[in-house]
Amino acid sequence: MIKVITYGTYDLLHEGHIRLLKRAKALGDYLIVGVTSEDFDRSRGKINVKQSLAERIEGVRSTGLADEIIVEEYEGQKIDDIRRLGVDIFTVGSDWVGTFDYLKEYCQVIYLERTQGVSSTQIRAEKGRLRIGLLGDSTILDKFIRECKYVNGVELTGIANEDTDCLSDICKALPLVTKNYDEILDCSDAVYIISHPSRHYEEVKHALERGKHVICESPIALKRNQAEECFRLAKEKGLILLEGIKTAYSMAYGRLVLMAKTGKIGNIISIDATCTSLRDLRQFSEKELDREWNSITAWAPNGLLPVFQLLGTSYKDLRIVTRILDEERKLDAFTKIEFVYPNAVASVKVGTGAKSEGEMVISGTKGYIYVPAPWWKTDYFEIRYENSNDNKRYFYQLDGEGIRYEIVAFSRAVETGKNFAYISKEASEGIAEIMEKYHDGEGVLRI
Ligand code: CTP
């Protein structure tokens, strides 16, 4: 009996897949099909897959061509499978010519002609086209624009900003560049807002009132009731409102939160998160200072994220200590936010006028999670214990600093109508509340 094996994602099963499976089957007597797991796809940068593993397996099964279906979970598994299952022929489409020649040591390798004019990528792009407009003038916009290219079905319509001259060349190359926010909303299904934080609330509200989905760089608002109002409005209108903190969407961060929640380090006792980026405000013009985000708005949402996700927002006590540089604009050089919970404490340090090690430590009763600097865009963390032999290191894929995953999450939320709550409403409102307390000066200590 000649055993044949082939692998693929088989997302949104199409004619190209079926033709390949038929020819693969005809090469022998028994066909094994390896379907990629979600984690494996993500680890190789394939982030746009629409169907779950179970749905994709079902698709392959429904062709009636596979005698056996297995799941492909790790790099190097093909060699294991070929030896374990006694495979005679390995085959894939011609888009892979040469890639799997290393398997010739174990079995025959045949590349079959790929069917022209069809692919899962193309079907995904045609299925859900999401037109996103941009608002604001941050350097992050260039990254956002670049990352959109990797997300199937996302199309950028243009950018609105009061001062179009200050925009980067990448921004200026978008189809529409305008000073008029409404003009961008007119031709978009959704908007990405990264204007000055003091304007977020009005701009988020306006987009929602006009029936547009919103992804807004955190903080969404500088007052708790404003954030609540925006979420209420989004719900009423059946729209997605997503808080833009790229860290929340990255794999390593997501996994470490899950591990902390499932008790890997015991009960959480303390969280310490630091985020700084040094800027010399003395070199800034008045206009640049007006556009500047203070440390609290630029960094605190990142630091507050793990605190609120792991300990919740019902803290017993809060203390904010700050050093202000520019009184009128509330620009702070450094701020420390300390929380006391019934059974834990947390400390978030942020600064644009002071430099520190940007690491995060989550301490528990059994061990601690250590994330090295810069923890907010990490692909790696460690879980450490009293006995260092028990320590474990975890590595994950991180593409586009997490922005790519953020865009995927947003487009998926819009498509399905479900916000998968990478950042819960409760955490978002908690962030807005800290912004409010800071800017009102309530209980804020100055140094
Ligand atoms: N395949 C094919 N003809 C096509 C598309 C895919 O022969 N038009 C083959 C691939 O070469 C591979 C198998 O089908 O051997 C599974 O491919 P997969 O990567 O799942 O499909 P694609 O449509 O190429 O997916 P994507 O666009 O996500 O890369």
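Throughout this description, residue numbers start from 1 for each chain and increase along the sequence as written. Side-chain atom pairs in this predicted model are given and counted only at pLDDT of 80 or more, local residue features only at pLDDT of at least 70, and totals for whole chains, interfaces and linings cover all residues. Side-chain figures throughout are based on the complete set of non-hydrogen atoms in the structure, without hydrogens or water.

1. Regarding the packing of aromatic side chains
Any two rings among Phe, Tyr and Trp, with Trp reduced to its six-membered ring, count as a pair given centres within 6.5 Å; such a pair is stacked if its planes are under 30 degrees apart, edge-to-face if over 60, and tilted if neither. Tallied over the entire structure, the rule returns 17 aromatic pairs. Relative to Y315, the ring of F308 has its centre 6.3 Å away and its plane inclined at 10°; by these criteria the two rings are stacked. By the burial criterion, F308 is buried, and Y315 matches it. Through successive ring pairs, a cluster of aromatic residues spans Y7, F90, W96, F100 and Y102. By definition here, charges over rings are those cases where NZ of Lys or CZ of Arg is within 6 Å of the ring centre and within 35 degrees of the ring normal. Its guanidinium or amino end placed over the ring of Y150, R404 lies 3.6 Å from that ring's centre, counting from NZ or CZ. Only protein chains enter the area calculation, which uses a 1.4 Å probe; residues under 20% of their type maximum are buried, those over 50% are exposed, and those in between are partly exposed.

2. A closer look at the sheet that holds strand β4 (residues 89–93)
If you trace the five strands from one edge of the open sheet to the other, you get β3-β2-β1-β4-β5, paired in parallel fashion. Bordering the open sheet on either side are β3 (68–72) and β5 (108–112), each of which pairs with just one other strand. Neighbour-to-neighbour, the strand axes of the sheet open up by a mean angle of 25°, direction not taken into account. Two strands qualify as a pair provided that DSSP identifies no fewer than 2 bridges between them. Segments assigned H or I by DSSP are reported as helices when at least four residues long, segments assigned E as strands when at least two residues long, and all are numbered from the N terminus. In the sheet, strand β1 (residues 3–8) pairs with strand β2 (residues 30–36) via six bridges, with the strands oriented parallel. Paired with T6 across the bridge in β2 is V33. Strands in contact with helix α1 (residues 15–26) are β1, β2, β4 and β5; relative to β2, the strand with the most contacts, it is inclined by about 140°. The angle between two axes is taken between their N-to-C directions and runs from 0 to 180 degrees, where each axis is a line fitted to C-alpha atoms and a helix contributes only its stretch in contact. Between two residues, a contact is recorded if the distance between any of their heavy atoms is within 4.5 Å.

3. Some thoughts on unusual backbone geometry
The omega angle of the peptide bond from S218 to P219 is 0°, so this bond is cis rather than trans. In this fold, P219 is placed in the loop between β10 (213–217) and α10 (224–237). The residue Y10 is not glycine, and still its phi comes out positive at about 55°. Looking at the secondary structure, you find Y10 in the loop between β1 and α1.

4. Overview of the pattern of salt bridges
Note on definitions: salt bridges are taken to be side-chain nitrogens of Lys or Arg within 4 Å of carboxyl oxygens of Asp or Glu. In total, this model carries 37 salt bridges according to the counting rule given. For K425, the salt bridge identified is with E429, shortest N-O distance 3.3 Å. Of this pair, K425 and E429 both sit in helix α15 (residues 425–440), four residues apart, which is roughly one turn of the helix. Note on K425: relative accessible area 45%, which makes it partly exposed. Here E429 falls in the buried class, since its relative accessible area comes to 5%. Residues participating in the shared-partner salt-bridge network are R224, E228, K425, E429, E433 and K437.

Don't take any of this as a statement about function, it's just geometry.
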